[in-house]
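So you can see what is in the structure, the chains are spelled out below.
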Amino acid sequence: MIVLFFQKINSKLLFLLVWMTVVSYSQTSERNLSNEKWFFAKQGQTNWNRAQVPGTIHTDLLLNKLIPDPFYGTNEKQLQWIENENWEYKTSFAITQKEKNNANCLLQFDGLDTYAKVYLNNALLLEANNMFRTWKIDVKKLLKVGQNELKIVFTSSVNKAKEEAKKLPYTLPGDEKVFVRKAQYQFGWDWGPRFVTAGIWKPVKLLYWNEAQITNVRFEQQELNSDLAKLNFKFTIITQKTGDYVVKMDKMPFHFQLKKGINVVNVPIEIKNPILWWCNGLGVPHQYQFRFSLEKNNKKLDEKEMKVGLRTIELVQEKDKIGTSFFFKLNGVPVFMKGANYIPTNSFLPRVPTSTYKSVVQNAVEANMNMLRVWGGGVYVDDAFYEECDEKGILVWQDFMFACAMYPGDDAYVNNVKEEVIDNVKRLQNHPSIALWCGNNESDEGWHNWGWQKQYMYSKADSTQVWNNYKKLFHDVIPTTLDNLLPANENRYWPSSPSIGWGKKESLLQGDSHYWGVWWGKEPFEVYERKIGRFMSEYGFQGMPDLMTFQSFTSDLDLKSEAVKNHQKHPTGYETINEYMARDYNIPTRFQDYVYVSQLLQADGMKTAIEAHRRAKPYCMGTLYWQLNDCWPVTSWSSVDYFGRWKAVHYQVKRSYEKVLLSVHKGNETYKIQLINDDIVAHDGVIEVELVNFKGAVLWNKKITFKSEANSNSTALVLTTGDLTGMKLDSVCLKMKFASNLKHWQSTYFFEKPKELKLTKPTFQITRIDDVTIEITSDVLAKNVFLSSDEEVFFSDNYFDVLPNQKIEIKLSKPTNQINAKSLFEVL
């Protein structure tokens, strides 16, 4: 047993110590074939064009100017022919005698999308059928010294899926996409285009190894307390010969007698006084960094580097007086989860750089989130995403890639899914950010609530078969596979999100909830204050993207424009926005003003929902709105658009997700001011509440000393309608502030809807403090001040209110000579 003392050695220093002890020679290496010259052609044609690997057929066609920009205007409609064709890719690469002499030569495809036949030197190597799997083939005998030819033939996934569909005597909900293990969103969604693409979407590598190779390392946390962490690293090692081998961590050797073939060995390590990994807002997401080497006779054969975060996570479901709880404990602390749903960041994923994944996670961090849900209609995300979540303390609810449909249950399909689960769980299981594995998105709800049996005219036998196939996948194969892959303390599985559909009373009493009465059901925002479940994992409202985002795909800025309509994928999206807008705002006539107000409307809806959920703590212990991001320029539920531009709602989410929140609940005759503290420490301070008119006069105020206990929800003050007698509620607001030591949190509450407020024209004063700092003041209330620039500039706050005698300081991402400002008064 090795005992490590880490309390005085940070992770960077540990890495340096370990790095310095690694021997310089390794018998395991890889060669990236993605960097070779690749070419593609439509099957049956002889004109070959340059291809980019990783890539997709759409981006390769665009690269060669054979199609227009798929995202521009209505070009999407013209490009549907691509999905029905078969496509071929090829490259040639030289192999040296030295490479050929390696004992083992493997060809690895990290991702092929999707039905692909792979030929090496005219020999068929592989028939791939799953976008989400890693394919590894022994090519030692087929490689030759000199030039080698590699060809991949992609069959149309759409045609293949339709062929599979014909084999069943009934129709499965979800159309042809359910038959192909491929990103479901490529077939189109109510926020995304239909681009059913194909190609080598992840790197291609040649892997060489000789005496032995580490194929997998699984980290197990066997015991964790403030004094000691007992860890185990489970190595899977394949060897050419039986013999004595050594696994080293730094100078610490672990000796093993390994047999020829596959071996599993354990390396136990203890850490004194361990530093815990915490999510964003509760502490530092500390990670220990390890580097292991596999050696024989003092010769390094292979090495693995990994980071480890020490934490405990529990999904707590306990019966109570109302139903059954649903919440997460991190390191023994119940944590209210604040976050959003994540979808793929592009319709063509190979063109997403690491910086984009970092930006996505940073947007979550800056908005005070601590969880993202990776939605099941997309993909298992790139490593860079999970690594950034680990670094920044963002927990991940990880769906498996199934959404809003029912799926086949034949042995070939089920076994394919099983291998997909194995590949991706092995890849992701060591990330401290992984909080939950979830079987699918809305398939259980769809079966029980959406009328599929009647729609598809199922017989009793058909219904039984479809449901049994569902249970086989999500209640048997996937959880059983997880049991074999994960230690018990890391095996948190939830079969389907939500567990019960939003039309059912029970959906608010147990499990997680998707509430779509607002938007789909056209219910008013105020319903969010009543329809609160134990964990709200989906709800949302659309808002239009930034004006510059519209200009990226059209010059015809009009709601009736074909391009604008094509970039709204919900069948009644703009009509729904307009209906809700008429309830709360006067509808603007200018397009740019309509965009602005639509964003305010979306922000209002999400503020209402989020703060209602937080005021219901601990009954409700999580709120993940739909959705964080976009896969193309579009009007959608996102809070950050395709280009990374924050909508008004993301700024509002940042306020509503603050660690300490003052929020007002309106009753029949009362206004209850609640203070929600998600911190793990108490805060002693002073709450000050002022009733202020729009000219800045304080009509009433009250100060109270208040102790906000750790992880609490308390009523701080209650106002009655009698307290407000004689007040013009359309011309006043509540200004609330909680000050504790050097920290303070504040919020503002308006009594009437925006269109009922008696706003007057504000006069802004914008003062430059330095090149990237400005200060804003106003003579009267300036409601929802929107700052913009003709340049690409990010403002630290936006769409905010400015009261008289208030100074708002804003940071800019870079200096700019032009800053435009407008408020709700100018628009309405």
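Residues numbered from 1 in each chain as written. Predicted model: local features only at pLDDT ≥ 70, side-chain atom pairs only at ≥ 80, totals over all residues. Heavy atoms only, no water.

**With respect to the state of the cysteines**
Then, in step 1: This structure, assessed with the given rule, holds zero disulfides.
Then, in step 2: Not engaged in a disulfide, the cysteine C279 finds its nearest cysteine sulfur in C389; these two sulfurs lie 12 Å apart.
Then, in step 3: The exposure class of C279 is buried, given its relative accessible area of 0%.
Then, in step 4: Looking at C389, the relative accessible area reads 0%, which means it is buried. (Disulfide = S-S within 2.5 Å. Buried < 20%, exposed > 50% of the residue type's maximum accessible area, 1.4 Å probe, protein only.)

**Brief notes about the sheet that holds strand β10 (residues 146-155)**
Then, in step 1: On the basis of which strands lie adjacent, the open sheet formed by six strands has the order β4-β3-β5-β10-β7-β8 and antiparallel pairing. Looking along the sheet, the strands with just one partner apiece sit at the ends: β4 (49-51) and β8 (123-129). The sheet shows a mean angle of 25 degrees between the axes of neighbouring strands, direction not considered.
Then, in step 2: With six bridges joining them, strand β7 (residues 115-120) and β10 adopt antiparallel strand pairing. Directly across from L120, in β10, lies its bridge partner L150. (Pairing = 2+ DSSP bridges. Helix = DSSP H or I, 4+ residues; strand = E, 2+ residues; numbered from the N terminus. Axes fitted to C-alpha atoms, helices over the stretch in contact; angles between N-to-C directions.)

**Some remarks on unusual backbone geometry**
Then, in step 1: The omega torsion across V53 and P54 is 0 degrees, close enough to zero to call that bond cis.
Then, in step 2: Cis peptide bonds are those with omega within 30 degrees of zero, and the linkage from S497 to P498 qualifies with 0 degrees.
Then, in step 3: Relative to the assigned elements, P498 resides in the loop between β28 (493-494) and β29 (513-514).
Then, in step 4: Although it is not a glycine, N298 sits at a positive phi angle of roughly 65 degrees.
Then, in step 5: Inspection of the secondary structure puts N298 in the loop between β19 (288-296) and β20 (299-308).
Then, in step 6: One non-glycine residue, N784, lies in positive phi territory at about 55 degrees.
Then, in step 7: Looking at the secondary structure, you find N784 in strand β41 (residues 782-788).

**Concerning the packing of helix α6 (residues 354-366) against helix α7 (residues 383-392)**
Then, in step 1: Contact geometry for α6 and α7: axes closest at 9 Å, N-to-C directions at 35 degrees. Considering only the axes of α6 and α7, their crossing is right-handed. Contacts between α6 and α7 involve T354, Y357, K358, V361, Q362 and V365 on the former and, on the latter, A384, F385, E388, C389 and K392.
Then, in step 2: Among the residues making up the contact of α6 with α7, the classes are represented as six nonpolar, two polar and three charged. (Left-handed = near helix turned anticlockwise from the far one by under 90°. Contact = heavy atoms within 4.5 Å. Nonpolar A, V, L, I, M, F, W, Y, C, P; charged D, E, K, R; others polar.)

**Notes on the sheet that holds β41**
Then, in step 1: An order of β42-β41-β44 is seen for the three strands of this open sheet, with the pairing classed as antiparallel. Only two strands of the sheet have a single neighbouring strand rather than two, namely β42 (800-802) and β44 (820-822). Going across the sheet, the axis of each strand differs from the next one's by a mean of 40 degrees, ignoring polarity.
Then, in step 2: Pairing between β41 and β42: two bridges, direction antiparallel. Bridging across to β42, A782 finds its partner in V802.
Then, in step 3: Most of the contacts of helix α15 (residues 591-615) go to β41, to which it runs at about 120 degrees, and overall it touches β41 and β44.

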